[in-house]
Amino acid sequence: MFSLGFDIGSSSVKAALIDLKSNHVMDVVQYPATEMPINSPRQGWAEQDPEVWWKNLIRATELLLMRKGDKVISQILGIGISYQMHGLVLLGKHGEVLRPSIIWCDSRAVEIGNLAAQNIGEEVCFDRMLNHPGNFTASKFKWVQDNEPDVYNKVKKIMLPGDFLAFKMTGEINTTPSGLSEGILWDFKNNRPASFAFDVFGIKEDMIPSIVNTFSRQGYVSSEAASLLGIPKNIPVCYRAGDQPNNAMSLGAIEAGEIAATGGTSGVVYGVMDHNIVDRYSRINSFAHVNYTNENQMTGVLLCINGAGSFYRWVRETMTGGMSTYDEMEALASKISIGSDGLVILPFGNGAERMLCNKDLGAQILSINLNRYSKNHIYRASLEGVAFSFVYGVEILKELGVNIELIKAGNDNLFRSNLFSTVISTLLKCEIHLVDTTGAIGAAKAVGYTLGIRTDLKQAMSGNKIEKVITPVLGEESKYQLAYKHWKNNLEEQLNRA
């Protein structure tokens, strides 16, 4: 018996096949090999075509199953879905996509969110939704109402990216409490959609999909989808969650106090809490975790840095034409001393940054000396700049009462960089464990919990291997602290100017 797991990011679709009996990973694939484009028709905008996600998911499934044989395919018992958070997908009355998805790093709705908070009442927002509306899904929908009335008037359903892909598989239109919470559409006080805010966002009650549990049979693969995917029909979609709650679960961060991180296109630190944490400045956000229920209100406190892997990828493509590997770049960066000889890079070039109070600084290279610095300095200052951004954000989490003693991170992103991880470990005085798993693997394993094959989530996520442990560098803490202080002073100077 087997399960499929999908992780739909803004860069690619990952697909995993799990043997549910042993929890063994049979295979993981990614498609496309090069990153999916993000369209930016205007400064600060970011859009993708949801139908492209679906086509890439079909192709990823084909690659995953092409050598597995009919016996394996006929024994697939369920599907799990992880997806990029906060995106807006709009469907018309015939199930057609009405416009490109406004995705997570799009900045156009910042001011709309600010106005919505005033109209709802900021205390009400924090008390009942745990968040300022900000630049999340609900605010993006209000932007459509204000700026694209022809589209707005055709809207039948508001969906998140994962809701859309489950719909393409099953024909069912539904969502989860966790999903609604990431769109700032969940009333934590009353455990239901935040209908008290609908008028402010231009939402009609029937635009919200029906609600299903995160771990449940959410629909069954249709004949049409089965033909496209090359799998039997009537397989249930058993799990759905946003990529960051899913990533935390995949890494084993399920119980209160456990911390997960990722350094992909964006950078995230995610702490699991058994009590609500609210940041009145909205630098961090709290959402329903995967195991949130009315009786057990587990939440995830999320720090997000838009300009993380996206910035380092830009450096690679711009400076090497994509010809150098990240390992080669790190080898050159390692030739430069801690602090990059004073060169400062602020990597915030992927839209408004929540932890900077939604300011859009753009990426910046500061204090560059053309007679002194080489590409090696750029590489080191880039990795340090992203790492320092994580530390800056964790300082906010600590200020709000989140204790961080151990960070679990995936072994398929920026944390693979020893230079990058060592900076964070040393400055935060904590270990970092690199775990050999992915979001797609976690989504596939979650199927075992829904179907009752695993008795609890910890057991469902079992089998992960710790690939590497990064520890603080003893004896050089002062060098890292001095470099971070210099970087932080430059950041705060730019913030004061913005």
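Remember, it's a predicted structure, so these values are computed and weren't measured experimentally. (Residues numbered from 1 in each chain as written. Predicted model: local features only at pLDDT ≥ 70, side-chain atom pairs only at ≥ 80, totals over all residues. Heavy atoms only, no water.)

Summing up its helical and strand segments, the protein chain has 18 helices and 22 strands in all. Taken against the 2.2 N^0.38 rule, which gives 23 Å for 498 residues, the C-alpha radius of gyration of the protein chain at 22 Å falls within 12% of a compact globule. Overall, the protein chain is about 65 × 55 × 45 Å in size when its C-alpha atoms are taken along their principal axes. A total of 498 residues make up the protein chain; the buried ones form 62% of that total. Contacts in the protein chain between residues at least 24 apart in sequence constitute 74% of all its contacts with a sequence separation of at least 6. Working note: accessible area of the protein chain is about 19,300 Å², and carbon and sulfur atoms make up 47% of it. (Helix = DSSP H or I, 4+ residues; strand = E, 2+ residues; numbered from the N terminus. Rg over C-alpha atoms; globule rule 2.2 N^0.38 Å. Buried < 20%, exposed > 50% of the residue type's maximum accessible area, 1.4 Å probe, protein only. Contact = heavy atoms within 4.5 Å. Areas by Shrake-Rupley, 256 points an atom, 1.4 Å probe, with all protein chains shown as cover.)

We now examine helix H4 (residues 122-129). Where H4 is concerned, the buried positions are Cys-125, Phe-126 and Met-129. An end-on view of H4 places all buried positions within 110° of arc, on one side of the element. For H4, the elements touching its buried residues are helix H3 (110-120) and strand S10 (186-187). Backbone geometry just downstream of H4 places Leu-130 in the positive-phi region, at approximately 70°. (Arc of directions from axis to C-beta.)

The next point concerns the pairing of strand S3 (residues 24-31). Relative to S3, strand S2 (residues 13-19) runs antiparallel, the two sharing 7 bridges. Considered in S3, the bridge of Leu-17 is made with Asp-27. In this structure, the hairpin formed by S2 and S3 is closed by a connection of 4 residues, where Asn-23 is found at a positive phi of approximately 65°. (Pairing = 2+ DSSP bridges.)

The next subject is the pattern of salt bridges. Oppositely charged side chains can form a pair if their charged atoms are brought close together. Tallying each qualifying case throughout the model produces 22 salt bridges. In this structure, Arg-313 and Glu-35 form a salt bridge, with 2.8 Å as the shortest nitrogen-oxygen distance. Residue Arg-313 is found in helix H12 (residues 309-320), and its partner Glu-35 is found in the loop between S3 and strand S4 (47-48); the two are separated by 278 residues along the sequence. Take Arg-313: its relative accessible area is 22%, and that puts it in the partly exposed class. Take Glu-35: its relative accessible area is 40%, and that puts it in the partly exposed class. For the salt bridge of Asp-127 with Lys-189, the shortest nitrogen-to-oxygen distance reads 3.6 Å. One end of the pair, Asp-127, is in helix H4; the other, Lys-189, is in the loop between S10 and strand S11 (192-193), with 62 residues separating them in the sequence. The partly exposed category is assigned to Asp-127, whose relative accessible area is 44%. Bridged by salt links that share partners, the residues Glu-47, Arg-99, Asp-106, Arg-108 and Glu-148 form one connected network. (Salt bridge = Lys/Arg side-chain N within 4 Å of Asp/Glu carboxyl O.)

The next subject is the packing of aromatic side chains. One pass over the full model with this rule turns up 16 aromatic pairs. For the ring pair Phe-141 and Tyr-152, a centre distance of 5.5 Å and an interplane angle of 40° mean the geometry is tilted. In this pair, Phe-141 sits in helix H5 (residues 137-147) while Tyr-152 sits in helix H6 (residues 149-152), placing the two residues 11 residues apart along the sequence. Judged by relative accessible area, which is 1%, Phe-141 ranks as buried. Residues Phe-388 and Tyr-484 carry aromatic rings whose centres are separated by 5.6 Å and whose planes lie at 55° to one another, so their mutual orientation is tilted. Within this pair, whereas Phe-388 is found in helix H14 (residues 375-399), its partner Tyr-484 is found in helix H18 (residues 477-497), the two being separated by 96 residues in sequence. On the accessibility criterion, Phe-388 (3% relative accessible area) is buried. What links up through ring pairs into an aromatic cluster is the set Phe-348, Phe-388, Tyr-392, Tyr-484 and Trp-487. Stacked on the ring of Trp-143, the Lys or Arg Arg-108 has its end atom at 4.5 Å from the ring centre. One cation-aromatic arrangement involves Arg-128 over Phe-196; the distance from NZ or CZ to the ring centre is 4.1 Å. (Phe/Tyr/Trp six-rings, centres within 6.5 Å; stacked < 30°, edge-to-face > 60°. Lys NZ or Arg CZ within 6 Å of the ring centre and 35° of its normal.)

Glancing now at the environment of Glu-476. Summarising the element assignment, Glu-476 is placed in the loop between strand S22 (466-470) and H18. Residues Glu-476 and Ala-248 lie 228 residues apart in sequence; the distance between their C-alpha atoms is 31 Å.

A contiguous nonpolar surface patch, about 320 Å² in accessible area, is contributed by Ile-365, Ile-368 and Leu-370. When you line up the elements, Leu-370 lands in the loop between strand S19 (364-366) and H14. (Patch = residues over 30% accessible without salt bridge, like charges linked within 9 Å, V, L, I, M, F, W, Y side chains within 5 Å.)

Worth remembering: the numbers are spatial, not functional.
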